Amino acid sequence: MIKLLSSVFIKGKLSVEQLRLRYGVLCGAVGIFFNICLFALKLTAGMISGSVAITADAFNNLSDAGSSIVSILGFKLSSEKPDIRHPFGHGRIEYIAGFIVSALVIIMGVELLQSSIDRILHPQETDYTDLALIILGCSILVKLYMFFYNRKYGKKLSSTALSATAIDSLSDTTATSAVLICALLSRAFDWQIDGYCGCAVALFI
């Protein structure tokens, strides 16, 4: 997919810095698209099934979309040259944006942790439908794809941001796999472990 999009959006004779910027923005934009789609699908699955764990995993993807925005901002700012007002460049804006996103993610994680603890204290029936399980399975495949393309272009562009995103995508695969296993166990044995799994995902966030 990245190769196809790059043939459309990255054309002409470009310098190394221009290529780095365009590939970085493209990878970040694709990451935002995938993560928002996964957020919407998992949030729907969480509401249908009544699972706080799936809902927490959905917001984990939303936080990843925010991280991709910061990554794009970093690529944009790193390509700008210092000026009179910013003799040392514009890199500090990236730190401010990263701080804001991090603060929002932490607040989100705390709220989800509280909801998960409440679910442990007051268990509710969960209905893990086939659709919810399919969404989780597809999410794992999408995150694996994101891991491979971010790792590839992270090495190609010598980008620590993309390399870190690749590792994050791999860890997200593990988190979603845990939620899927939790859902399968709950469905098979009628175990009320949704709140515990939700706590694990919230702490992960």
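Residues numbered from 1 in each chain as written. Predicted model: local features only at pLDDT ≥ 70, side-chain atom pairs only at ≥ 80, totals over all residues. Heavy atoms only, no water.

A. Seen up close, the packing of helix α5 (residues 130-157) against helix α6 (residues 160-189). For the pair α5 and α6, interaxial distance at closest approach is 8 Å and the crossing angle is 165 degrees. By the angle between their directions, the pair α5 and α6 is classed as roughly antiparallel. The interaxial crossing formed by α5 with α6 has left-handed handedness. Grouping the amino acids of the contact of α5 with α6 by side-chain chemistry returns 15 nonpolar, nine polar and six charged. (Axes fitted to C-alpha atoms, helices over the stretch in contact; angles between N-to-C directions. Helix = DSSP H or I, 4+ residues; strand = E, 2+ residues; numbered from the N terminus. Parallel < 35°, antiparallel > 145°, perpendicular 65-115°, else oblique. Left-handed = near helix turned anticlockwise from the far one by under 90°. Nonpolar A, V, L, I, M, F, W, Y, C, P; charged D, E, K, R; others polar.)

B. Examining unusual backbone geometry more closely. Unlike most non-glycine residues, D190 shows phi in positive territory, near 60 degrees. Structurally, D190 can be placed in the loop between α6 and α7 (194-204).

C. Quick peek at the packing of aromatic side chains. Going through the model one piece at a time under the given rule, you end up with six aromatic pairs. Joined through ring pairs, the aromatic side chains of F33, F34, Y145 and Y149 make up one cluster. (Phe/Tyr/Trp six-rings, centres within 6.5 Å; stacked < 30°, edge-to-face > 60°.)

D. Quick peek at the side chain of N60. Within the secondary structure, N60 sits in helix α3 (residues 52-78). Taking relative accessible area as the criterion, N60 reaches 4% and is therefore assigned buried. Among residues more than four places away in sequence, those in contact with N60 are D172, F204 and I205. (Buried < 20%, exposed > 50% of the residue type's maximum accessible area, 1.4 Å probe, protein only. Contact = heavy atoms within 4.5 Å.)

E. Geometry of empty space enclosed by the protein. This model, assessed by the stated rule, comprises one cavity of 30 Å³ or more. Of the voids in this model, the largest cavity is the one considered here, and its volume is about 50 Å³. Lining of the largest cavity is provided by C27, G28, G31, S68, S71, Y149, N150, L162 and T165. Taken together, the elements giving at least two residues each to the lining of the largest cavity come down to α2 (16-49), α3, α5 and α6. (1 Å grid on protein atoms, 1.4 Å probe; cavity = no way out; pocket = protein on both sides within 12 Å on 5 of 7 lines; lining within 4 Å. Points joined across faces, edges and corners; volume = space filled by probe spheres on them.)

F. Local environment of the pattern of salt bridges. A full pass over the atoms with the stated rule returns five salt bridges. Of the charged contacts, one joins K42 and D57 as a salt bridge, the two residues approaching to 2.8 Å between their closest N and O atoms. Taken together, the residues span a long stretch of sequence, with K42 in helix α2 and D57 in helix α3 at a distance of 15 residues. Considered together, K42 and D57 belong to a single accessibility category, that of buried residues. Notably, a salt bridge pairs D194 with R119, separated by 3.1 Å at the nearest N-O pair. One end of the pair, D194, is in helix α7; the other, R119, is in helix α4 (residues 91-121), and 75 residues separate them in sequence. Each of the two residues, D194 as well as R119, counts as buried. A single network of salt bridges, built from pairs that share partners, joins D64, K143 and D172. (Salt bridge = Lys/Arg side-chain N within 4 Å of Asp/Glu carboxyl O.)

G. Representation of a nonpolar patch on the surface. Residues F99, I100, L104 and I107 make up a contiguous nonpolar surface patch of roughly 440 Å² in combined accessible area. Take I107: it is sitting in helix α4. (Patch = residues over 30% accessible without salt bridge, like charges linked within 9 Å, V, L, I, M, F, W, Y side chains within 5 Å. Areas by Shrake-Rupley, 256 points an atom, 1.4 Å probe, with all protein chains shown as cover.)

H. Main features of α5. The end-to-end C-alpha distance of α5 is 40 Å, a good match for the 40 Å that 28 residues give at a rise of 1.5 Å each. S158 sits one or two residues past α5 and shows a positive phi near 55 degrees. (Expected span 1.5 Å × (residues − 1).)

I. Focus on the nonpolar core. Ranked by internal contacts, the top residues of the largest apolar core, which has 19 residues, are I54, Y128 and V179. For this core, the secondary structure elements donating two or more residues are α3, α4, α5, α6 and α7. If near-sequence neighbours (up to four positions away) are discounted, V179 is found in contact with A53, I54, D57, L136, C197 and V201. In terms of nonpolar packing, the next biggest core, distinct from the first, is built from 13 residues, F34, F75, L157 and L162 among them. (Core = buried A, V, L, I, M, F, W, Y, C linked by side-chain atoms within 4.5 Å.)

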